[in-house]
Amino acid sequence: MRRKSLWLRLRKILFCVLGLYIAIPFLIKLCPGIQAKLIFLNFVRVPYFIDLKKPQDQGLNHTCNYYLQPEEDVTIGVWHTVPAVWWKNAQGKDQMWYEDALASSHAIILYLHGNAGTRGGDHRVELYKVLSSLGYHVVTFDYRGWGDSVGTPSERGMTYDALHVFDWIKARSGDNPVYIWGHSLGTGVATNLVRRLCERETPPDALILESPFTNIREEAKSHPFSVIYRYFPGFDWFFLDPITSSGIKFANDENVKHISCPLLILHAEDDPVVPFQLGRKLYSIAAPARSFRDFKVQFVPFHSDLGYRHKYIYKSPELPRILREFLGKSEPEHQH
């Protein structure tokens, strides 16, 4: 008797799971907004309790928090970390001091983060520290709808926010080089931005893509979340078409054909989120593109034994050398 009731209970659970499995694709098809939320994951605030107004709480005590307004009803939170050699100088300084500092003889990196979390995410903060120690200014921000930034996320909006911050930097940076660094979903924002900059003939001095994909459809197809549905009949129709109909493309593979500036791609072979072969494929599209005729295009793989996965390339002791060789020396006379 007990065995029979256990079997009935198991059967019930099994039918519920199966029902849910079949219902989810229909739900996503009917509400494409769900798929957009899954791509942006802007509602996932990890670490949750940090105060983004106080970057010093994250060990960034040479960082200033600003707010910029790209459009009406949109406010974005920005962190500006100065080169580590100015750490002492930066204590107690106000926003004007930081803004003026952009005109000093140090290169600037505009960092575009990936989905989920905020500009205060652990791996992001660790990268800012590495880049700052190498003599770079690091300017990073949360797109509208992320962190404490106000607005509704969209690909167009994220790209516009990035353009606004780039122009804000350029208005203050004098002749200093400005490099754009995108990670994960941020590579999609980065290539959108740099394509626009090249089309208006104000390219950045270099573009760095960390763990990039080719386009959002190919990435969604390869994402660990989609594994359980990959062989579901009509997978593209149920899961990929709603992304496209939401106006989300992040077409890195298309954008690189319209970009003319040095390009560096970094990718770990053991990346479980954006498969290594997508980064390699993007490189194979960019390298022969006519737009890169006069610029270097470099692909740097990180062996899976190193365990850098999707977001730990900042740990590589080789990174300073890779950047130095690719970007040229960053103020060596100031390094101690």
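Quick notes on the rules
- Residues numbered from 1 in each chain as written.
- Predicted model: local features only at pLDDT ≥ 70, side-chain atom pairs only at ≥ 80, totals over all residues.
- Heavy atoms only, no water.
- UniProt positions renumbered as here; feature names shortened; annotations may be inferred.
- Helix = DSSP H or I, 4+ residues; strand = E, 2+ residues; numbered from the N terminus.
- Expected span 1.5 Å × (residues − 1).
- Buried < 20%, exposed > 50% of the residue type's maximum accessible area, 1.4 Å probe, protein only.
- Pairing = 2+ DSSP bridges.
- Right-handed = clockwise from strand over helix to strand, strands pointing away.
- Patch = residues over 30% accessible without salt bridge, like charges linked within 9 Å, V, L, I, M, F, W, Y side chains within 5 Å.
- Areas by Shrake-Rupley, 256 points an atom, 1.4 Å probe, with all protein chains shown as cover.
- Salt bridge = Lys/Arg side-chain N within 4 Å of Asp/Glu carboxyl O.

What follows is about the UniProt feature "domain: AB hydrolase-1" (unreviewed entry) in the protein chain. The feature "domain: AB hydrolase-1" (unreviewed entry), as annotated in UniProt, sits at residues 109-211 in this numbering. The span residues 109-211 shows a helical share of 42% and a strand share of 19%, and its end C-alpha atoms are spaced 17 Å apart.

This part takes up helix α7 (residues 185-199). Between its first and last C-alpha atoms α7 spans 22 Å; for 15 residues at 1.5 Å apiece the expected length is 21 Å, and the two agree. Burial analysis of α7 places twelve of its 15 residues in the buried class, the great majority of the element. Taken residue by residue, α7 has Leu185, Gly186, Thr187, Gly188, Val189, Ala190, Thr191, Asn192, Leu193, Val194, Leu197 and Cys198 as its buried positions.

Burial analysis of strand β6 (residues 206-210) places five of its five residues in the buried class, which makes it a mostly covered element. Burial of β6 is two-sided: the residues Ala206, Ile208 and Glu210 facing one way and the residues Leu207 and Leu209 facing the other way are all buried. Bridge analysis of strand β5 (residues 178-183) against β6 gives five bridges, and the strand direction is parallel. Bridge assignment links glycine 182 to a residue of β6, and that residue is leucine 209. Each parallel crossover has a hand, and for β5 linked through α7 to β6 it is right-handed.

A few words now on a nonpolar patch on the surface. Taken together, Phe15, Leu18, Ile22 and Phe26 make up a surface patch of nonpolar side chains, about 410 Å² in accessible area. Assignment of secondary structure puts phenylalanine 15 in helix α1 (residues 2-30). Note on phenylalanine 15: relative accessible area 55%, which makes it exposed.

Our focus in this paragraph is the side chain of histidine 123. For histidine 123, the position within the fold is in helix α5 (residues 122-133). Among the residues examined, histidine 123 registers a relative accessible area of 13% and is labelled buried.

Glancing now at unusual backbone geometry. Even without being a glycine, aspartate 73 presents a positive backbone phi close to 70°. Within the element layout of this structure, aspartate 73 appears in the loop between β1 (63-71) and β2 (74-81). Judged by relative accessible area, aspartate 73 falls into the exposed class, the value being 63%. Backbone geometry places phenylalanine 250, a non-glycine residue, at a positive phi of 40°. Following the sequence through the fold, phenylalanine 250 ends up in the loop between α9 (235-245) and α10 (252-255). Note on phenylalanine 250: relative accessible area 0%, which makes it buried.

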